[in-house]
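# Analysis of the macromolecular model
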Amino acid sequence: MHESAPQNPRHLDQPGSPGPSPSSNASVEGREQTTDVSRRLVLKSAGAASAGVGLGLGLAQAAASPAAAADAPRRQGATMIGVPFERRSTVRVGIVGLGNRGSAMTELFLAVPGVRVVALCDTVRAKAEKVAAKVRSAGQPAPELYTKGQDDFRQLCGRGDVDFVYVATPWEWHFPMAEAALTAGKHVGVECPAAMELDQLWRLVDLSERTRRHCMQLENCCYGRNEMRVLRMAHAGKFGELLHGAGAYIHDLRELMFSPTYYEGPWRRQWHTRLRGDIYPTHGFAPVANYMDVNRGDRAVRISTFGSPAAGLAAYRAQHMPPGDASWKETYVGSDMSVSLVQTARGRVIRLEHAVSNPHPYSRVNALGGTKGAFEDYPPRIYLEPEMSGDEWGDFGAYAEWDHWLWKEHANPPGGHGGMDYIMIFRLMQSMQQGLVPDFDVYDAATWSAPVPLSHASIRAKGAPQEIPDFTRGLWRAGRPGVDSAKP
Ligand SMILES: NC(=O)c1ccc[n+]([C@@H]2O[C@H](COP(=O)([O-])OP(=O)(O)OC[C@H]3O[C@@H](n4cnc5c(N)ncnc54)[C@H](O)[C@@H]3O)[C@@H](O)[C@H]2O)c1
């Protein structure tokens, strides 16, 4: 079974490397540790508890509250909101991590006109050579390879001829790699999630502001055809006043997580020995955050999470793994199903779910509701007044006129996940070539990833709400374009 699941192009995967986290104390032996992860986030959120951005507070009251901004570390540079890329006819890309994801995404970078893949990095030389062959067969010069160990990505980041670094490595590497790219003066796009700890998210915000380089969460689901259509309809008022939404990552990854060959080592499974909550929130959270203009007129202010027992991975191991397999040393603490509720400054509610360890058909839920109707995905269905009535869902296919211009222009995009990967890369490269403001920025990356540490902290605190920091430091109130872009 291949996680990218070409059988169903809408399935999203997570592809890994062994080795302990460079930045956490997580135990490979499996005992959950009260690591820096939970300590740091509890410290941060305790301060924000006085934020006054409470349940049901209206926008005006929320806006009047100084506490979220007060909780933020001191700004070290001007905001990156609304900052355009420097215009360049050719974008020169360096790619770090050439496993399942990095290798497939290289093909998409190569498919966009005006993009050159100039450097590749992976600790496994054979993987770099394989992807280099793809670059050459696309007619581009042989890329430089960086395969001399776990820190060679720093050399790639330091090259003078790289404009953009794409990071597709195990989660524990996302932060150090994004940090290195920004520090070297490069724009960086990071796979999901952007970082695993709250202080790392703040550090990315600070670094992006200081270096004047964009740090972006490459959340491909924001570019799904359904998501973009719902986004446009929501912004046009078709659902009325938006009230609630839901997003999820429900994907049975047991076979892949125990496969000796699919990921580069057991990194993906080992995160289940460290954190209890929603360790992969962005696929579900980001599209709904876009519908609700989070960081563009609304703000995610707090999260409460409850987690079920962790039983699925141990049950799978008992059935499939031979005695003596290294996995028998692991203790899984991650909740098989974690359910989070996020409240926004305008009082809206977003439900997030994460479940990857039990039998269940794939779903990102992707739901939205307002005063005039509702949408639910998997399968897509819509209920809008006055078109529908009598408790009968309507045909979402009938609303194709609401497709985003990117989908109207690229009806059959290449690549996996139904084409949204390509649409995202095309749009990002277009923004860099034309000198546009990116559709999403470091504030979105930090907000969408914040449930990783905060859901863990909430579960440990018996579901107690954890304040989500205002990474914009007060600038979330102004409306501005995002993924719902105008055609340039
Ligand atoms: N957005 C999506 O739809 C999507 C889909 C799949 C994977 N992902 C993300 O992509 C990332 C990679 O997943 P994957 O399935 O490709 O995993 P993988 O294990 O197949 O690939 C990771 C690669 O990183 C390399 N690597 C590890 N440490 C490194 C280091 N220090 N320097 C250089 N290279 C290093 C490994 O050798 C491996 O080739 C993860 O963050 C995952 O969540 C996102």
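Residues numbered from 1 in each chain as written. Predicted model: local features only at pLDDT ≥ 70, side-chain atom pairs only at ≥ 80, totals over all residues. Heavy atoms only, no water.

Named according to an unreviewed UniProt entry, the protein is Glycosyl hydrolase family 109 protein originating from Streptomyces hiroshimensis. Word for word, the UniProt comment on the protein under Cofactor (unreviewed entry) is "NAD(+)". Within the UniProt record for the protein, the comment given under Sequence similarities (unreviewed entry) is "Belongs to the Gfo/Idh/MocA family. Glycosyl hydrolase 109 subfamily." (UniProt positions renumbered as here; feature names shortened; annotations may be inferred.)

### Observations regarding the packing of helix α8 (residues 198-211) against helix α16 (residues 442-449)
Here α8 crosses α16 at 180°, and the two axes come no closer than 9 Å. In terms of orientation, α8 and α16 fall into the roughly antiparallel class. Only V442, Y443, A445, A446 and S449 of α16 make contact with α8, whose side of the interface consists of L201, L204, V205, S208 and E209. (Axes fitted to C-alpha atoms, helices over the stretch in contact; angles between N-to-C directions. Helix = DSSP H or I, 4+ residues; strand = E, 2+ residues; numbered from the N terminus. Parallel < 35°, antiparallel > 145°, perpendicular 65-115°, else oblique. Contact = heavy atoms within 4.5 Å.)

### Details of the sheet that holds strand β6 (residues 215-217)
One open sheet holds the six strands; their spatial order is β3-β2-β1-β4-β5-β6, and the pairing between them is parallel. The open sheet is flanked by β3 (144-146) and β6, the only strands paired with a single partner. Between one strand and the next, the sheet's axes are offset by a mean angle of 25°, whatever the strand orientation. Sheet topology places strand β1 (residues 91-96) next to strand β4 (residues 164-167); four bridges connect them, and they run parallel. Of the residues in β4, the one forming a bridge with V93 is F164. Contacts from helix α7 (residues 171-183) reach β1, β4, β5 (187-190) and β6 within the one sheet, and its direction differs from that of β5 by about 165°. (Pairing = 2+ DSSP bridges.)

### So, unusual backbone geometry
Residue P379 is bonded to the preceding Y378 through a cis peptide linkage, with omega at -5°. Counting through the fold element by element, P379 comes out in the loop between β12 (373-376) and β13 (381-384). Omega for the peptide link from E385 to P386 comes to 10°, which places this bond in the cis form. The residue P386 is located in the loop between β13 and α14 (405-409) in this model. For N295, which is not a glycine, the phi torsion comes out positive at approximately 75°. With respect to the secondary-structure elements, N295 resides in the loop between α12 (282-291) and β8 (300-307). For N295, a relative accessible area of 2% puts it in the buried group. Positive phi, normally seen in glycine, also occurs at Y378, with a value near 60°. Note that Y378 resides in the loop between β12 and β13. (Buried < 20%, exposed > 50% of the residue type's maximum accessible area, 1.4 Å probe, protein only.)

### Things to note about helix α4 (residues 100-111)
An ideal rise of 1.5 Å per residue puts 16 Å on 12 residues; α4 measures up with 18 Å between its terminal C-alpha atoms. In this structure, the buried side of α4 is in contact with β1, β2 (115-121), α5 (125-137), β4 and α15 (420-434). (Expected span 1.5 Å × (residues − 1).)

### Quick look at the packing of α7 against α8
Two numbers describe how α7 lies on α8: the axes approach to 10 Å, and their chain directions differ by 10°. Viewed along their axes, α7 and α8 adopt a mutual orientation that is roughly parallel. Two secondary-structure elements touch here, α7 through F175, A178, E179, L182 and T183 and α8 through Q200, R203, L204, L207, S208 and T211. Class assignment of the residues belonging to the contact of α7 with α8 gives a composition of five nonpolar, four polar and two charged. (Nonpolar A, V, L, I, M, F, W, Y, C, P; charged D, E, K, R; others polar.)

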